[in-house]
Number of protein chains: 2
Amino acid sequence: MLDTLIKNAVVIPMTEPGLVLHGCSIGVGDGKIAYIGSECPEAAEVIDARGHIVMPGLINAHAHTAMCVMRGYADDYPLKSWLYDKVFPVEARLDERAIVAGAVLGMAEMIRTGTVSFSDMYFCQPAVAKEVERAGMKANLCNAVLALGDNYDFDSDRAVKETRVLLPEYGNSGPIRTDIAIHAEYTSSPAVWQRVHEWAKEYGVITQIHLSETRTEHEEAKARHGMTPAAAFDKYGVFDTPVLAAHGVWLERSDMELLAARGVSVAHCPVSNLKLGSGMANISAMLRAGVNVCLGTDGVCSNNSLDLFEEIKLSALLAKGETLDPTAVSAYEALELATVNGARAQGRYDETGRIALGLDADLIMINTDSPHLCPVYDPISAVVYSARGSDVELTMVRGRTLMRDGALTTIDVESAMREVAEYAMPIVKGE
Amino acid sequence: MLDTLIKNAVVIPMTEPGLVLHGCSIGVGDGKIAYIGSECPEAAEVIDARGHIVMPGLINAHAHTAMCVMRGYADDYPLKSWLYDKVFPVEARLDERAIVAGAVLGMAEMIRTGTVSFSDMYFCQPAVAKEVERAGMKANLCNAVLALGDNYDFDSDRAVKETRVLLPEYGNSGPIRTDIAIHAEYTSSPAVWQRVHEWAKEYGVITQIHLSETRTEHEEAKARHGMTPAAAFDKYGVFDTPVLAAHGVWLERSDMELLAARGVSVAHCPVSNLKLGSGMANISAMLRAGVNVCLGTDGVCSNNSLDLFEEIKLSALLAKGETLDPTAVSAYEALELATVNGARAQGRYDETGRIALGLDADLIMINTDSPHLCPVYDPISAVVYSARGSDVELTMVRGRTLMRDGALTTIDVESAMREVAEYAMPIVKGE
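All values reported here derive from a predicted model rather than from experimental measurement.

A.B. asks: Give a description of the pattern of salt bridges that names residues and reports values.
C.D. replies: All names here are of chain A. Using the criterion set out here, one finds 46 salt bridges over all chains in the structure. Among the salt bridges present, the one from Asp75 reaches Lys275, with a minimum N-O distance of 2.5 Å. With Asp75 in the loop between β6 (58–63) and α1 (79–93) and Lys275 in helix α9 (residues 270–275), this pair connects stretches of sequence that are 200 residues apart. Take Asp75 and Lys275: they sit in the same class, and that class is buried. Between Arg134 and Glu131 there is a salt bridge whose closest N-O contact spans 2.9 Å. One end of the pair, Arg134, and the other, Glu131, are both in helix α3 (residues 125–135), three residues apart, so they sit about a helical turn from each other. When its relative accessible area of 18% is taken as the criterion, Glu131 is described as buried.

Here it is as structure tokens:
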């Protein structure tokens, strides 16, 4: 007998362009999708999804989740002042408890708005990993190596130490995984990249990087290396193993071809790139070049939301506005960014991101019984152009319901908010 | 005694940049704001706004509300095909009942997401006006004159006939007003503009127009008139009375100076302009030139939402992304677009758009007790960068509560959705 049957659903399986299944049942057993069809096999729990759209849970491929403690702390500042006067000094003050508080609050927001898995680059990841486990989400966690200054010592780097704890414990399979990370081209050197890259080969894990986020960064790298940041990373072997590169705002055509050829995924972060004045990544060109483009929110301090529905819609909109072509990045393509492409970028293609037999039951149910979702001519358009994170009524990860009707089952939202407001906020403010 | 007292609120009055009042009470009497302060004068009804932000209700300065019946009907199409193969044929089929159904559904969405007043250009406005009255909203309604074809006859034009019904009935004061409208430069001639403009002088009403929305339209006008559309309208006297111009994506610097000098307001429609591939209006430059920029959703068929919170955030984001300057269009400026500037564009500056003594009690209450709105360092940032229409918990127009906790008091949402799904949808689909 199945554990759960979701019946009478409109299903967007994300297994082929435009495919929508009406009056469909999805059966869940042992955390996997065990039935898809028009029958209603027996199940311990039956959920009637009439008036709802069921689709794969969303994947946030670039986040600094714990930065939730800084939500709205530093808006409308020039980039340098934002980073050096606001973010960096606060980060130096944040302790593990504050970071965990931010991560838990961020997960509450992600679960509420339909995200099931996230790629996260921040501090104190061994402690955060325990919370991800408790929350029941999936995550690819890393702490980025920033090798700044002449006296940089790899072995005493906090990120290196944390990564060495994480790698043997989580590795490259299971719901929680360790990724490794080089913060960016401009914050370290090829010698360090090569040391980090050794881990990628040894443990078979993904390398997360920031890539060509700002024009300054991109141009200075060219002056320094005589080549673009992407070409430099490739030259020193970083792209020999799977890489997930965030932003890619200033990628050149040759970079896009390189990333496509080397199988590097790009986490497009449209809200953050606009908000920090970094620019607009040309994902139409990236997709045409064959790059696996996925979606990220970046940190909440440059967003200020973890609602991927906003990024999905904006990805489609910006591509059209930038190219003056309303057919650029269709609704279905925008949805692929946040599901199947995200799964690929996390090394989870055979595990999540689609509704298909044998994959993990990572799915969400969207309530369309609202004025702003009426009428529905095309469920894919409705999800991309009209739906909001607040329309998600059920979030399920590995067959386990993490949220139903707004209520979280694994996180005490009230205490998560209180912990941020009472413990973390004074630290951020320097009180 | 006051009718209503809202106490313990965090208030953003929109009366001066950055001003936030903590622990504030707002008293409402006879539909007006009768008290602002820290005391709690007696009132028939007391609302405790602890954990809420209170601010002026939002103003949607460019909508085709009834197009809700086409939500998601024609996404990702090339512009010409969108208009000529999809929108125009459907509009030719829509009858008054379908249009009223769309307008009512759209008002339900607007009220739920905090909009109190809208400027609307569409058909069957005398019937829609009755519904606006029933719904308790404010609106500046017009039906745009499109003078196409050699045999165009002004007096038998449906828009002209409707306008002649509306003008003596509603005029230029009160919650529901008649505006007049010239659809656009490319859809009529200077002779027609002048006839429409006669009404503006006779009745003292606002003229709504579409202006320089697409590059093609802008360039073709220059070829036709030897000047930009804005300059052409000005030449023929259209700007001698107050004008609200939608879009302005391709305005030149000289146009911006002209609009500022002539007091023409521009309704920025960022979502629609991106979605149709029209481009991005440079509102930073417009604001610097002194133009009164306000915000519109445009029709839902090119959006697909009437949630102004999305337009507010995107206005700030796009300005930053376009100029590569994160200080461009601050949170406060973005909020001005949707409140005080919208009021000015509607000829309602002394009536709505701010929380100030003697103005109509047109206000909204935003619940900040949610993970995605935690923590709040700056209420203005929280509203602009983190809040969503779904966070609005109370919408009040002229002292009357139109929505509380998601429940509408003047519109039967279920029957509004049913009417669109059962009556209008088959007409749209041509069944």
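Still more ground to cover, so stick around.
A.B. asks: Go over the sheet that holds strand β7 (residues 115–121) of chain B with me, naming the residues and quoting the values.
C.D. replies: Residues and elements named next belong to chain B. A sheet is described by the order of its strands in space; here four strands give the open sequence β6-β7-β8-β9, paired in parallel fashion. Among the strands making up the open sheet, the edge pair consists of β6 (58–63) and β9 (176–178). Between one strand axis and the next, the sheet turns by 10 degrees as a mean value, whatever way the strands run. By the bridge criterion, four bridges tie β6 to β7 in an arrangement that is parallel. What sits directly across from Asn60, in β7, is Phe118.

A.B. asks: Residues and numbers for the pairing of strand β1 (residues 2–11) of chain A, please.
C.D. replies: Residues and elements named next belong to chain A. Of all 10 residues in β1, seven are buried, a share of seventy percent or more. Pairing of β1 with strand β4 (residues 43–48), which is carried by five bridges, proceeds in the parallel orientation. Among the inter-strand pairings, Ile6 is bridged to a residue of β4, identified as Ile47. When β1 meets strand β2 (residues 21–29), the two strands line up antiparallel, connected through five bridges. Paired with Thr4 across the two strands is Val28, which belongs to β2. For β1 and strand β5 (residues 52–56), the ladder comprises two bridges, and the chain directions are parallel. Across the sheet, Val10 pairs through a bridge with Ile53, a residue of β5.

A.B. asks: I'd like to hear about the domain arrangement of chain A, residue by residue, with values.
C.D. replies: All names here are of chain A. When the domains of chain A are assigned, the result is domain 1 (2–56 + 359–407) and domain 2 (58–345). Of note, the centres of domain 1 and domain 2, computed from C-alpha atoms alone, are 28 Å apart. With 29 residues of domain 1 at the contact, the number on the domain 2 side is 28 residues. Of the roughly 2300 Å² buried between domain 1 and domain 2 on both sides combined, carbon and sulfur atoms contribute 68%. Ranking the residues of domain 1 by area buried against domain 2 places Met14, Val384 and Tyr385 at the top, with a combined share of 29%.

A.B. asks: How would you summarise the relation of the copies chain B and chain A if you had to cite specific residues and measurements?
C.D. replies: The operation relating chain B to chain A is a screw motion whose rotation component is 180 degrees, with 0.0 Å of axial translation and a residual RMSD of 0.0 Å. The relationship between the two copies is best expressed as a two-fold rotation axis. Looking at the rotation axis and the C-alpha trace of chain B, the residue lying nearest is Ser390(B), at 3.5 Å. Mapped onto chain A, 100% of the interface residues of chain B are again interface residues, and the two copies thus contact each other with one and the same surface.

A.B. asks: Quick one: what's the story with the interface of chain B and chain A, residue by residue and with numbers?
C.D. replies: With 66 residues of chain B at the contact, the number on the chain A side is 66 residues. Together, the buried faces of chain B and chain A total about 4900 Å²; carbon and sulfur atoms form 63% of this surface. When the buried area of chain B at its contact with chain A is split by residue, Asp76(B), Pro371(B) and Tyr377(B) rank highest and sum to 16% of it. Put simply, chain B and chain A have six salt bridges between them. We note a salt bridge from Lys320(B) to Asp76(A), for which the minimum N-O separation is 2.8 Å. Elements supplying a minimum of two residues to the side of chain B that touches chain A: α2 (96–112), α9 (270–275), α11 (308–323), α14 (379–386) and α15 (413–429) of chain B.

A.B. asks: With reference to specific residues and values, describe unusual backbone geometry.
C.D. replies: Note that the residue after Asn303(A), namely Asn304(A), is joined by a cis bond; omega there is 5 degrees. Topologically, Asn304(A) is positioned in the loop between β14 (292–295) and α11 (308–323). Between Cys374(B) and the following residue, Pro375(B), the backbone shows a cis peptide bond with an omega angle of -5 degrees. Position of Pro375(B) among the secondary structure elements: in the loop between β15 (363–367) and α14. Here Asp76(B), not a glycine, exhibits a phi torsion of approximately 65 degrees, which is positive. Turning to its location among the elements, Asp76(B) is positioned in the loop between β6 and α1 (79–93). Backbone geometry at Ser212(B) places phi at a positive 45 degrees, although glycine is not the residue there.

A.B. asks: How would you summarise the environment of Ala231(A) if you had to cite specific residues and measurements?
C.D. replies: Residues and elements named next belong to chain A. Inspection of the secondary structure puts Ala231 in helix α7 (residues 229–235). In this structure the C-alpha to C-alpha distance between Ala231 and Ile312, which are 81 residues apart in sequence, comes to 29 Å. The contact partners of Ala231, leaving out residues within four places of it in the chain, are Asp255 and Leu258.

A.B. asks: Which residues make up the pairing of strand β3 (residues 32–37) of chain B, and what values go with them?
C.D. replies: The two faces of the sheet receive side chains in turn, since in a regular strand these alternate between them. Residues and elements named next belong to chain B. The pairing of strand β2 (residues 21–29) with β3 spans five bridges and is antiparallel. Among the inter-strand pairings, Gly27 is bridged to a residue of β3, identified as Tyr35. Here β2 hands over to β3 after two residues, with Asp30 in that stretch at a positive phi of 50 degrees.

A.B. asks: Would you mind going over the side chain of Asn60(B) in detail, with residue names and values included?
C.D. replies: Residues and elements named next belong to chain B. Within the fold, Asn60 resides in strand β6. Its relative accessible area of 0% is what places Asn60 among the buried residues. In this structure Asn60 touches Met110, Thr115, Ser117, Phe118, Ser119, Leu295, Gly296, Thr297, Leu306, Leu308 and Gln346, once residues within four positions along its chain are discounted.

A.B. asks: Explain the packing of helix α2 (residues 96–112) of chain A against helix α15 (residues 413–429) of chain A to me, and be specific about the residues and the numbers.
C.D. replies: How two helices pack is summed up by the angle between their axes together with the distance between the axes. Residues and elements named next belong to chain A. Two elements in contact, α2 and α15, have axes whose closest approach is 9 Å; the angle formed by their N-to-C orientations is 140 degrees. One element, α2, and the other, α15, form an angle in the oblique class. For the pair α2 and α15, the sense of crossing is left-handed. Facing Arg97, Ala98, Ala101, Gly102, Val104, Leu105, Ala108 and Arg112 of α2, the residues of α15 in contact are Val413, Ala416, Met417, Glu419, Val420, Tyr423, Ala424 and Ile427. Looking at side-chain class alone, the contact of α2 with α15 contains 12 nonpolar, one polar and three charged residues.

A.B. asks: If you had to explain the packing of aromatic side chains to someone new, which residues and values would you point to?
C.D. replies: Using the criterion set out here, one finds 14 aromatic pairs over all chains in the structure. Seen in terms of ring centroids, Tyr84(A) and Phe88(A) are 5.3 Å apart; in terms of plane orientation they differ by 90 degrees. Their pairing is edge-to-face. Of the two residues, Tyr84(A) and Phe88(A) are both situated in helix α1; the distance of four residues between them amounts to about one turn of the helix. A relative accessible area of 33% means that Phe88(A) is categorised as partly exposed. Ring centres of Phe154(B) and Trp199(B) lie 5.8 Å apart, and the angle between their planes is 35 degrees; on these two criteria the pair is classed as tilted.

The rules behind these values
Residues numbered from 1 in each chain as written. Chains lettered and ligands numbered in written order. Predicted model: local features only at pLDDT ≥ 70, side-chain atom pairs only at ≥ 80, totals over all residues. Heavy atoms only, no water. Salt bridge = Lys/Arg side-chain N within 4 Å of Asp/Glu carboxyl O. Helix = DSSP H or I, 4+ residues; strand = E, 2+ residues; numbered from the N terminus. Buried < 20%, exposed > 50% of the residue type's maximum accessible area, 1.4 Å probe, protein only. Pairing = 2+ DSSP bridges. Axes fitted to C-alpha atoms, helices over the stretch in contact; angles between N-to-C directions. Domains from an automatic or database assignment. Contact = heavy atoms within 4.5 Å. Buried area = accessible area lost by both parts, 1.4 Å probe. Least-squares fit on C-alpha atoms with pLDDT ≥ 70 in both. Parallel < 35°, antiparallel > 145°, perpendicular 65-115°, else oblique. Left-handed = near helix turned anticlockwise from the far one by under 90°. Nonpolar A, V, L, I, M, F, W, Y, C, P; charged D, E, K, R; others polar. Phe/Tyr/Trp six-rings, centres within 6.5 Å; stacked < 30°, edge-to-face > 60°.

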